[in-house]
Amino acid sequence: ALDALTFEAWLDQQQLTRAPLRWYLDYCCRDDYGAGLDSVSAWAGIHSFASRHGFHAPGEPPSAERDAGVLTWPEGNGWLTRQLAAPLGERLHTGRIVIRVAAGRHGVEVDTFSAATQSVERWQAEHCILALPLFIAARVVENPPPALREAANQLRYAPWLVANLHIDSALHDRPGAAPSWDNVIYGDHPGLGYVDATHQSLQAVPGATVLTYYRAFGIGAAGRKTLYEQPWTYWRDSVLAELSVPHPDLPGKVTRMEVMRYGHAMSAPVPGVRGSAALRALQGPLQSPWRRLHFAHGYLSGYSVFEEAFTHGHKRGMSLGLT
């Protein structure tokens, strides 16, 4: 039921209308999904908090496990990637681009382009697990299953702008809350704030650093068109104007700015995606001629985070006796 309506509609039903609350929830949705509470489903909006550390039901006692600190590494998720890859040893083959997957009666063919040899290799296996974003899987699978085509067409993606601002000295320390790693500007601002690359530095006196600014454009065509058509100088000026509200000294300290257009790393969980029959079909065994293809990706949950992707991969491996 929660997947059938927007988060905004559900908040209206619950009479949760206070402006600061709506601002905060809309910011969280734009930050997590690239789209606001008028676009994502109520299921996704609630799940963003129901699954997060530090939140609990009224009257529920605190939990040491739930309220524990997060785990971080200097190299970020690269550490997790290496730990997952280490047991595979020589069985892990990188530097190959999958260009075709074909399922047959007795096996699967996978054609890859090898960056090392600059040639096409053909791999053959009894079964193949495709841990790919569904829009990519729909392109590389020859004669894709109808459920894959349908699921890929259902998913929506948000364009993003990311700007790295190099500053030659620390920003002026104004009264109020101390600077944090993730700094968000309250009010009617299009951006999602910025993170400070040296926030966890142990140096006694703050100095030069890099601020990374983010802006999500939602799933509407107008925002995507604007991002594509405007030159980088337009976005440079827009970012500086927004960040100058809390930091008037910022423009005089910027020595370099890099602006990049991206697609959000996860699909926007719009109403109907979580309960999609096509996504459910891809989670189970397929009928011939695709029974040797197995799909594993966070998109299958309509909520693309690490834990969902890991779970689907583990289930597929278990079903084939690989774990």
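Owing to the predicted nature of the structure, the values given are computational and were not obtained by experimental measurement.

Conventions and cut-offs
Residues numbered from 1 in each chain as written. Predicted model: local features only at pLDDT ≥ 70, side-chain atom pairs only at ≥ 80, totals over all residues. Heavy atoms only, no water. Helix = DSSP H or I, 4+ residues; strand = E, 2+ residues; numbered from the N terminus. Buried < 20%, exposed > 50% of the residue type's maximum accessible area, 1.4 Å probe, protein only. Contact = heavy atoms within 4.5 Å. Areas by Shrake-Rupley, 256 points an atom, 1.4 Å probe, with all protein chains shown as cover. Lys, Arg positive; Asp, Glu negative; His and termini not counted. Charge placed at Lys NZ, Arg CZ, Asp CG, Glu CD. 1 Å grid on protein atoms, 1.4 Å probe; cavity = no way out; pocket = protein on both sides within 12 Å on 5 of 7 lines; lining within 4 Å. Points joined across faces, edges and corners; volume = space filled by probe spheres on them. Nonpolar A, V, L, I, M, F, W, Y, C, P; charged D, E, K, R; others polar. Polar contact = N/O pair within 3.5 Å; in protein donor to acceptor, adjacent residues only side chain to side chain. Pairing = 2+ DSSP bridges. Axes fitted to C-alpha atoms, helices over the stretch in contact; angles between N-to-C directions. Phe/Tyr/Trp six-rings, centres within 6.5 Å; stacked < 30°, edge-to-face > 60°. Patch = residues over 30% accessible without salt bridge, like charges linked within 9 Å, V, L, I, M, F, W, Y side chains within 5 Å. Salt bridge = Lys/Arg side-chain N within 4 Å of Asp/Glu carboxyl O. Core = buried A, V, L, I, M, F, W, Y, C linked by side-chain atoms within 4.5 Å. Arc of directions from axis to C-beta.

### A short note on the overall build of the chain
Logical step 1: Along its length, the chain carries 10 helices and 10 strands.
Logical step 2: Here the C-alpha coordinates of the chain stretch approximately 70 × 55 × 45 Å along the principal axes.
Logical step 3: The proportion of buried residues among the 323 residues of the chain is 36%.
Logical step 4: A separation of at least 24 residues holds for 63% of the contacts in the chain among residues at least 6 apart in sequence.
Logical step 5: Within the structure as shown, the chain displays about 18800 Å² of accessible surface, and the carbon and sulfur contribution to it stands at 57%.
Logical step 6: Taken as two groups, the 28 positive and 30 negative side-chain charges of the chain have centres that lie 8 Å from each other.

### Details of the layout of surface pockets
Logical step 1: The calculated volume of the second largest pocket comes to roughly 810 Å³.
Logical step 2: Lining the second largest pocket we find 28 residues, and of these Ala-178, Pro-179, Asn-183, Tyr-194 and His-247 sit closest to its centre.
Logical step 3: For the lining of the second largest pocket, the secondary structure elements donating two or more residues are strand E7 (194–196) and strand E8 (209–216).
Logical step 4: Along the lines of polarity and charge, the residues of the lining of the second largest pocket split into 14 nonpolar, 11 polar and three charged.

### Section: the environment of Ser-39
Logical step 1: With respect to the secondary-structure elements, Ser-39 resides in the loop between helix H2 (19–33) and helix H3 (42–50).
Logical step 2: According to the relative accessible area criterion, Ser-39 is buried, its value standing at 18%.
Logical step 3: Once the C-alpha coordinates of Ser-39 and Ala-137 are considered, the two residues, 98 residues apart in sequence, prove to be 25 Å apart.
Logical step 4: Setting aside residues no more than four positions away along its own chain, Ser-39 makes contact with Ile-219, Val-270 and Pro-271.
Logical step 5: At 3.4 Å, the side chain of Ser-39 forms a polar contact with the side chain of Asp-38.

### Let's talk about the sheet that holds E8
The strands making up a sheet are joined through hydrogen bonds of the backbone, oriented either antiparallel or parallel.
Logical step 1: Spatially, E6-E7-E8-E5-E9 is the arrangement adopted by the five strands of the open sheet, whose pairing is antiparallel. The open sheet terminates on both sides in strands that have one partner only, identified here as strand E6 (182–183) and strand E9 (254–263).
Logical step 2: Two strands pair when backbone bridges link them, and strand E5 (residues 159–167) and E8 are joined in this way by eight bridges, in the antiparallel orientation. Each residue of the ladder has a partner; that of His-166, found in E8, is Val-210.
Logical step 3: Running at roughly 105 degrees to E8, helix H8 (residues 232–243) makes contact with E5, E7, E8 and E9 of the sheet.

### Side note on the sheet that holds strand E2 (residues 108–114)
Logical step 1: Sheet architecture is open: three strands sit in the order E1-E2-E3, paired in antiparallel fashion. Both outer strands of the open sheet, strand E1 (96–103) and strand E3 (119–125), are each paired with one neighbouring strand and no more. Here the strands of the sheet are splayed against their neighbours by 20 degrees on average, with no regard to which way each runs.

### Some points on the packing of aromatic side chains
Logical step 1: In total, this model carries 12 aromatic pairs according to the counting rule given.
Logical step 2: When the centroid spacing of 6.2 Å and the interplanar angle of 20 degrees are considered together, the rings of Phe-7 and Trp-10 count as stacked. Of this pair, Phe-7 and Trp-10 both sit in helix H1 (residues 7–13), three residues apart, which is roughly one turn of the helix.
Logical step 3: Judged by centre distance (4.6 Å) and plane angle (65 degrees), the ring pair of Trp-23 and Tyr-186 falls under edge-to-face. In this pair, Trp-23 is assigned in helix H2 and Tyr-186 in the loop between E6 and E7, connecting sequence segments 163 residues apart.

### Notes on a nonpolar patch on the surface
Logical step 1: Among the surface-exposed residues, Leu-84, Phe-306 and Phe-310 lie close enough to one another that they form a single nonpolar patch of about 310 Å² accessible area.
Logical step 2: Topologically, Phe-310 is positioned in helix H10 (residues 306–319).
Logical step 3: A relative accessible area of 44% places Phe-310 in the partly exposed class.

### Some remarks on H3
Logical step 1: All of the buried residues along H3 are Ala-42, Trp-43, Ala-44, Gly-45, Ser-48 and Phe-49.
Logical step 2: Summarising the contacts, the buried residues of H3 are in contact with H1 and H2.

### Here's the deal with the pattern of salt bridges
Logical step 1: Counted by the stated rule, this structure contains 14 salt bridges.
Logical step 2: For the salt bridge of Asp-237 with Arg-236, the shortest nitrogen-to-oxygen distance reads 2.9 Å.
Logical step 3: Judged by relative accessible area, which is 42%, Asp-237 ranks as partly exposed.
Logical step 4: Because the salt bridges share partners, they merge into one network encompassing Arg-100, Glu-109, Asp-111, Arg-122 and Glu-142.

### Some points on the nonpolar core
Logical step 1: Core analysis: the largest hydrophobic core is formed by 44 residues, its most contacted members being Val-101, Leu-134, Leu-282, Leu-293 and Phe-295.
Logical step 2: For this core, the leading source of residues is H2, giving five residues.
Logical step 3: Ile-167, Tyr-213, Leu-227 and Leu-240 belong to the second largest nonpolar core, which has 17 residues in total.

### Quick word on helix H6 (residues 146–154)
Logical step 1: For H6, the complete set of buried residues consists of Ala-147, Leu-148, Ala-151 and Ala-152. Buried residues of H6, viewed axially, fall in a sector of 130 degrees; they line one side.
Logical step 2: Buried positions along H6 lie against helix H5 (134–140), helix H9 (277–283) and strand E10 (293–295).

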